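Examining the three-dimensional arrangement
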Amino acid sequence: MSDQPLVAVSLKMYLSAARTRSWVRSVVDLLGDPGPVEVAPLPSFPVLESTAQTLADTAIAWGAQDCASSEAGAQTGEVSAEVLAELGCRYVEVGHAERRRLFAEDQATVLAKTRQVIQAGLTPLYCVGELEHRTPRAAAEICIEEFDHLAADSPVLAGGHPLVLAYEPVWAIGAAEPAPAGHAAEVCGRLREHALRTAPAVRVIYGGAAGPGTFTGLKESADGLFLGRFAHDPHALATVVAEVRQHAINPRTRTRSGY
């Protein structure tokens, strides 16, 4: 388990294959060795192998935006976690609000995918978040309940398997601005404090219109950011990574009281 802050980037389905390859090369050129910050882009499936090749001799990791909910077999169009691991993948995103809404992924499907990710030796990037704007305490309770379902289903987490919880309030995804810093900090702090009791190798990152300036307000309660369209400009990503690097401290020493 790494204690490094994590900056993950989902490219979703915005960039063409050529633009993705160009973006990855630009990120390598701009970031070099990110030092105390772990950076992990999540491109679309067709360009995962070229991404892996470009990043092979760098300090930058990579991940996938999805995987199949079961092992290899007659599942047309699916990609197994084992194949992702074979390519050198480190992270697999599961449970994103768009997958739940657009592809009708229920809790059972999300948990099945998470089991596949863990069995393949990869790290789940597990998305949680409330649908509507609520108080920070109420939002944290929703996220904690989601985590508890995961922890009960995946006892291997208690043994130290790494896990990333991405707090993404659904009402902030695609918005012009992220959730207010105080709201996001309190939810991340409460979720992180609770999750560490069961999953000692957990990191909590914030997503939902995150961009430059977001991490500064979260540095005491979050372990990084999950970026979307704001990072499609490699220079904007470099700005965020520099910001996170400036505040990089061992997340295990942060104050967890007050929530």
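Along each chain, residues carry numbers from 1 onward, in the same order as the chain's sequence is written. In view of the model being predicted, local features appear only for residues whose pLDDT reaches at least 70, and side-chain atom pairs are presented and counted only at 80 or more, with totals across whole chains, interfaces and linings using the full set of residues. The side-chain quantities take in all heavy atoms of the structure and omit both hydrogens and water.

Condition: UniProt positions are given in the numbering used here, feature names are shortened, and annotations may be inferred rather than shown by experiment.
Under an unreviewed UniProt entry, the name given to the chain is Triosephosphate isomerase, and the organism recorded is Enemella evansiae. You can read under Catalytic activity (unreviewed entry) in the UniProt record for the chain the words "D-glyceraldehyde 3-phosphate = dihydroxyacetone phosphate". You can read under Sequence similarities (unreviewed entry) in the UniProt record for the chain the words "Belongs to the triosephosphate isomerase family."

A look at the overall build of the chain
Keep this limit in mind: Secondary structure elements follow DSSP: runs of H or I of four or more residues count as helices, runs of E of two or more count as strands, with numbering from the N terminus. Our radius of gyration is a C-alpha quantity, and the globule rule it is checked against amounts to 2.2 Å times the number of residues to the power 0.38. Three exposure classes are used, based on accessible area relative to the maximum for each residue type with a 1.4 Å probe and protein chains only: buried under 20%, partly exposed in between, and exposed over 50%. Contact between two residues is taken to exist if any of their heavy atoms lie within 4.5 Å; hydrogens are not considered. Per-residue accessibility takes into account occlusion by the displayed protein chains alone, with areas from the Shrake-Rupley method and a 1.4 Å probe. Residues scored as positive are Lys and Arg, those scored as negative are Asp and Glu, and His as well as the terminal groups of each chain are ignored. Where a charge sits is defined by one atom per residue type, namely NZ (Lys), CZ (Arg), CG (Asp) or CD (Glu).
In terms of regular secondary structure, the chain is built from eight helices and eight strands. Its C-alpha radius of gyration of 17 Å places the chain within 12% of the 18 Å reference for a compact globule of 259 residues. Principal-axis analysis of the C-alpha atoms gives the chain an extent of 45 × 40 × 35 Å. Burial status across the chain gives 51% buried among its 259 residues. A separation of at least 24 residues holds for 74% of the contacts in the chain among residues at least 6 apart in sequence. Of the roughly 11,000 Å² that the chain leaves accessible, carbon and sulfur atoms contribute 51%. In the chain, 22 side chains carry a positive charge and 30 a negative one; their mean positions are 3 Å apart.

Digging into the nonpolar core
Keep this limit in mind: Joining through side-chain atoms within 4.5 Å is the link that ties buried Ala, Val, Leu, Ile, Met, Phe, Trp, Tyr and Cys residues into a set, and such a set is a nonpolar core.
Of all hydrophobic cores here, the largest spans 67 residues; its most connected members are Y126, L165, Y206, L227 and L237. Once residues within four sequence positions are removed from consideration, L237 is found in contact with V7, V9, W23, V27, L227 and A231.

Thoughts on the pattern of salt bridges
To keep it simple, the criterion reads: The term salt bridge refers to a pairing of a side-chain nitrogen on Lys or Arg with a carboxyl oxygen on Asp or Glu at a separation within 4 Å.
Counted by the stated rule, this structure contains 11 salt bridges. A salt bridge links R90 to E38; the shortest N-O distance between them is 2.4 Å. Here the residue R90 occupies a position in the loop between α3 (81-87) and β4 (91-94), and E38 occupies one in strand β2 (residues 38-42), the gap between them amounting to 52 residues. Overall, E38 belongs to the buried group, its relative accessible area being 5%. A salt bridge links K113 to D66; the nearest nitrogen and oxygen atoms lie 2.7 Å apart. Within this pair, whereas K113 is found in helix α5 (residues 107-119), its partner D66 is found in the loop between β3 (63-64) and α3, the two being separated by 47 residues in sequence. Each member of the pair, K113 together with D66, is buried. Several salt bridges converge on common partners, so that one network encompasses D66, R99, E105 and K113.

Regarding the packing of aromatic side chains
To describe a pair of aromatic rings, you give the distance between the ring centres and the angle between the ring planes. Going by this rule: Any pair of Phe, Tyr and Trp rings, taking the six-membered ring for Trp, is counted once the centres come within 6.5 Å. Such a pair is stacked with planes under 30 degrees apart, edge-to-face with planes over 60 apart, and tilted for the rest. Whether a charge sits over a ring depends on NZ of Lys or CZ of Arg being within 6 Å of the ring centre and within 35 degrees of the ring normal.
Going through the model one piece at a time under the given rule, you end up with one aromatic pair. Lying across the ring of F103, R99 places its NZ or CZ 4.1 Å from the centre. If you follow R229 out to its NZ or CZ, it ends over the ring of F230, 4.6 Å from the centre.

Thoughts on the pairing of β2
In plain terms, the rule: For two strands to be treated as a pair, DSSP must find at least two bridges joining them. Handedness of a crossover is defined as follows: with both strands directed away from the viewer, a clockwise route from the first strand across the helix to the second makes it right-handed.
Of all five residues that make up β2, five are buried, and the element is covered over most of its length. One ladder, built from five bridges, connects strand β1 (residues 6-10) with β2; its direction is parallel. When the bridges of β2 are listed, L6 appears paired with E38. Of the crossover connections in this fold, the one passing from β1 over helix α1 (residues 17-31) to the parallel β2 is right-handed.

Some details on unusual backbone geometry
Of note, K12 is a non-glycine position whose phi angle comes to about 45 degrees, a positive value. Structurally, K12 is set in the loop between β1 and α1. On the basis of relative accessible area, K12 is assigned to the partly exposed category, the value being 21%. A positive phi angle is found at A209, which is not glycine, with a value near 65 degrees. Inspection of the secondary structure assignment puts A209 in the loop between β7 (202-207) and β8 (224-227). You can call A209 buried: its relative accessible area is 11%.

Regarding the side chain of R192
For clarity, the threshold we go by: Counting of polar contacts relies on pairs of N or O atoms within 3.5 Å, with two restrictions inside protein: one atom must be capable of donating a hydrogen and the other of accepting it, and residues adjacent in sequence are counted only when both atoms are side-chain atoms.
Looking at where R192 falls in the secondary structure, it is placed in helix α7 (residues 181-198). Within the structure, R192 has its side chain in polar contact with the side chain of D223 (distance 3.1 Å).

Examining α7
Inclusion rule: A helix is expected to span 1.5 Å for every residue after the first.
Over its 18 residues, α7 extends 26 Å from the first C-alpha to the last, a length consistent with the 26 Å expected when each residue adds 1.5 Å. Those residues of α7 that fall on the buried side of the exposure criterion are H183, A184, A185, V187, C188, G189, R190, L191, R192, H194, A195 and L196. Each element contacted by the buried residues of α7 is listed here: β5 (123-128), α6 (136-153), β6 (163-167) and β7.

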